[in-house]
Amino acid sequence: MSAIFCSRRQALAGLFLTATGCDLFRSLGDGKSPLTTMLPPLEKPGDKAGSPAATIRMARLEACIASRPLNDHKTRKLVWEELDESGLMAPEQRQRLNDSGFRLGVAGSSTPWAVQSLAEDAVRPAATDGTPGTPPVPANAADGGFGTVFTLLQGGQSYLEIQSDLDESRLPLQQIPQLATLRNPSQIRCVLELSVRDLSSDWVLLNLLPIIYSGSSTARLTIEQNAEKLPIRQNMLPLYEQQLQVRLLAGEIAVLGRYAAQDPQKWTVGSLFFQPYSEPGATERILMVRMNAIETLQGRSDPGFRPGPQAAGKI
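Figured I'd write up the structure that's included with this text.

## Comments concerning helix α3 (residues 73–81)
Among all positions of α3, only K74, T75, V79 and W80 are buried. For α3, the buried positions fall inside an angular range of 145° around the axis, keeping them on one side.

Given below as structure tokens:
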């Protein structure tokens, strides 16, 4: 009797699969079966084409550093006469900036003659006798390019070295309170970190953070992407109180240099960056950063892709 019952049960099971097997598999994806309520709906042809694309903006910039003899008329007067300094920040902010030894101005999209001339001096090669040579024809002369071209995404950084391997024995570091924490004031380098705080279709909010590197280059512990590493680097001192922000439209140029205080003996962070020495034959530097354009990239995001941190580039 039990054998007959088993054979009947197997027969019924076979009949059930034969009669409804196609219907069961056909129900997957019809949105009605309980098995399919947890599955995503079937993608129809053309669905991806209609989905919105992700938009990424980046700023295309140019930078150059000009070096001129101390008390040069062009850097001390002519350049700054053609720049807008008052409209960049509140008077009290500009006063704090000047007290730190920095001077910031912006040139309009129509580049003033003194600024363009200073940029040409920065890229002009030196002849064998030490005098300036014939200025080269830039590769992008059609748009007036004058410096090193680089791009910045929002959240990315680039580093621009203003001074390198300064001799601490010739620097009155004790006059700068911000540098009192330096453990080893040897092999000082002055670096600006350039980053983007905000981006629009035609302007960029550029942040400049002064950083002092010092000490011998040794292996120092860092943690990157949850992994411990021992890169060869120096001690680093970011000067957050001296960081600057400037909004640039396409074609505008930010000019950063040393603020010449009324007291010529006063020594500041700006002096360290742009005029570290004052003896005869010393030079003064000035930085120019031009915002060329805002570039837009369109793409489609991948939900399974998790990008890592943007690598920092050195200009």
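## Description of the packing of aromatic side chains
Under the counting rule described, the total for this entry stands at three aromatic pairs. Measuring from centroid to centroid gives 5.9 Å for F102 and F273, while their planes differ by 65°, and the two rings are edge-to-face. In this pair, F102 is assigned in strand β2 (residues 102–107) and F273 in helix α6 (residues 269–274), connecting sequence segments 171 residues apart. Judged by relative accessible area, F102 falls into the buried class, the value being 1%. Here the aromatic rings of F273 and F274 are separated by 6.4 Å at their centres, their planes lie at 45°, and the arrangement is tilted. For the pair formed by F273 and F274, the shared burial category is buried.

## Observations concerning the pattern of salt bridges
Evaluation of the coordinates by the stated rule reveals seven salt bridges. The residue R189 makes a salt bridge to E161 at a minimum N-O spacing of 2.6 Å. Of this pair, R189 sits in strand β5 (residues 188–199) while E161 sits in strand β4 (residues 157–166); the two residues are 28 residues apart in sequence, bridging distant segments of the chain. Exposure remark for E161: the relative accessible area of 25% places this residue in the partly exposed category.

## Looking at the nonpolar core
Within the largest apolar cluster, 46 residues are counted, with the highest numbers of intra-cluster contacts made by I212, L256, L272, F273 and L287. Considering every element that reaches this core, the biggest residue donor is β5, with six residues. If sequence neighbours within four positions are ignored, F273 has contacts with F102, I162, Q163, C190, V191, L192, P210, I211 and I212. Formed by 15 residues, the second largest nonpolar core is a distinct cluster that contains W80, V115, L118 and A119.

## Quick word on the side chain of N98
Mapped onto the secondary structure, N98 falls in helix α4 (residues 91–99). Contact partners of N98, with chain neighbours within four places excluded, come to R103 and Y259.

What counts, and at which threshold
Residues numbered from 1 in each chain as written. Predicted model: local features only at pLDDT ≥ 70, side-chain atom pairs only at ≥ 80, totals over all residues. Heavy atoms only, no water. Buried < 20%, exposed > 50% of the residue type's maximum accessible area, 1.4 Å probe, protein only. Helix = DSSP H or I, 4+ residues; strand = E, 2+ residues; numbered from the N terminus. Arc of directions from axis to C-beta. Phe/Tyr/Trp six-rings, centres within 6.5 Å; stacked < 30°, edge-to-face > 60°. Salt bridge = Lys/Arg side-chain N within 4 Å of Asp/Glu carboxyl O. Core = buried A, V, L, I, M, F, W, Y, C linked by side-chain atoms within 4.5 Å. Contact = heavy atoms within 4.5 Å.

From the geometry alone we can't say anything about function, so treat these as descriptive.
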